Amino acid sequence: MKPVRIGAQVAPQRAAAYADIRRAAAVVEELGADMLFTWDHFFPLGKVADGAHFEGWTILAAWAEQTSRVGLGVLVSCNTYRNPDLLADMARTVDHISGGRVVLGIGAGFKEREFLEYGYEFPSAGRRVADLAAALPRIENRLAVLNPPPMGPMPILIAGGGEQKMLRIVARHADIWNTFAEGDDLVRKLGLLERYCAEIGRDPAAIEVSVHVGGDPWENGPALRELGVSLFTISTSGPEYDLDTVRRWISWRDEQNA
């Protein structure tokens, strides 16, 4: 079983200033988290949809210069917002800035307001998933021919849980699968992912399972661990950027990996 890893998603919403995001990122690395994630939204999420916000990939490039050890990623980039070849080039460039620490996270996108206010068409969910399936080979091909290439094997993280189409994409392309599923739903999706991997001759153990978590890790972590989850990510938002939950999950990680 893969070692436990802890990620912190420092969401760039409702921060009073970028300096607050920068400080939170510094603390995440000091605490010893394995991954530091931002996201790819243009407006705050939640009940209050307006407020301060910043763009994710620009933040990731700044973090690449600011930090020295922690893995970095956008959890996750919306495929539709950028040409796939351009996204591969952006990720490769940030990877070099960071010294080879980038995970390329991607998904199909879902927030209609973001698409429309930024001038993108908002197609059906099926079309968005099909576009993602078409984009991933382009991303992989572009990463293979960029000069210079990424500094090492750049993991591709795919977020999504559609059981007929998305999990087949995960089986074929993902190094990491990120999901919000839990309980019986997660068990079922893991079974489907294993089946889809078998259909293409891929070992499902090659795909790391990533979930979003909160609360008490000693209470919530063991059941997920038994299912093979190894990357546990805690989200925090401005203006406070409370990292106490991240601290607890890191302590639990250290016990599990001892």
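See the structure above.
In this report, we go over the structure that sits alongside the text. If you're wondering where the values come from, they're calculated on a predicted model, not measured in any experiment.

1. A word on the side chain of D95
With respect to the helices and strands, D95 occurs in helix α3 (residues 84-98). A distance of 2.9 Å separates a polar atom in the side chain of D95 from the backbone nitrogen of M151.

2. Considerations on the environment of A91
Tracing the backbone through its elements, the reader meets A91 in helix α3. Residues A91 and I139, 48 residues apart in the sequence, show an inter-C-alpha distance of 10.0 Å. Discounting chain neighbours no more than four positions away, the residues touching A91 are W57, V102, L104 and M154.

3. Observations regarding the nonpolar core
Of all hydrophobic cores here, the largest spans 64 residues; its most connected members are W63, I158, W177 and F232. Looking at this core element by element, the count peaks at 6 residues for helix α7 (residues 183-200). Once residues within four sequence positions are removed from consideration, F232 is found in contact with V4, R5, I6, G7, V211, V213, G221, L224, R225, W249 and W252. Core analysis: the second largest hydrophobic core is formed by 9 residues, V103, A159, I176 and L231 among them.

4. Comments concerning unusual backbone geometry
Geometrically, the link from L75 to V76 is a cis peptide bond, its omega value of -10° lying close to zero. Summarising the element assignment, V76 is placed in the loop between β3 (71-74) and β4 (77-78). Residue G238 is joined to P239 through a cis peptide bond whose omega torsion reads 5°. Structurally, P239 can be placed in the loop between β9 (229-237) and α9 (244-257). For R14, which is not glycine, the phi dihedral falls at a positive 65°. Here R14 lies in the loop between β1 (5-11) and α1 (18-31).

5. Quick word on the side chain of E208
Its place among the elements puts E208 in strand β8 (residues 208-212). Of note is the side chain of E208, whose polar atom sits 2.9 Å from the side chain of S230. With near-sequence residues (within four places) excluded, E208 lies in contact with K2, R5, D175, I176, W177, S230 and L231.

6. Quick look at the packing of aromatic side chains
The tally for this structure, following the rule as stated, stands at 10 aromatic pairs. Pairwise contacts between aromatic rings join F42, F43, Y81, F115, Y118, Y120 and F122 into one cluster.

7. Considering the environment of H96
Take H96: it is sitting in helix α3. As a C-alpha pair, H96 and W249 span 153 residues in sequence and 29 Å in three-dimensional space. With sequence-adjacent residues up to four places away left out, H96 is seen in contact with P148, P149, P150 and M151. Among the polar contacts listed, one links the side chain of H96 to the backbone oxygen of P149, at a separation of 2.6 Å.

Rules used throughout
Residues numbered from 1 in each chain as written. Predicted model: local features only at pLDDT ≥ 70, side-chain atom pairs only at ≥ 80, totals over all residues. Heavy atoms only, no water. Helix = DSSP H or I, 4+ residues; strand = E, 2+ residues; numbered from the N terminus. Polar contact = N/O pair within 3.5 Å; in protein donor to acceptor, adjacent residues only side chain to side chain. Contact = heavy atoms within 4.5 Å. Core = buried A, V, L, I, M, F, W, Y, C linked by side-chain atoms within 4.5 Å. Buried < 20%, exposed > 50% of the residue type's maximum accessible area, 1.4 Å probe, protein only. Phe/Tyr/Trp six-rings, centres within 6.5 Å; stacked < 30°, edge-to-face > 60°.

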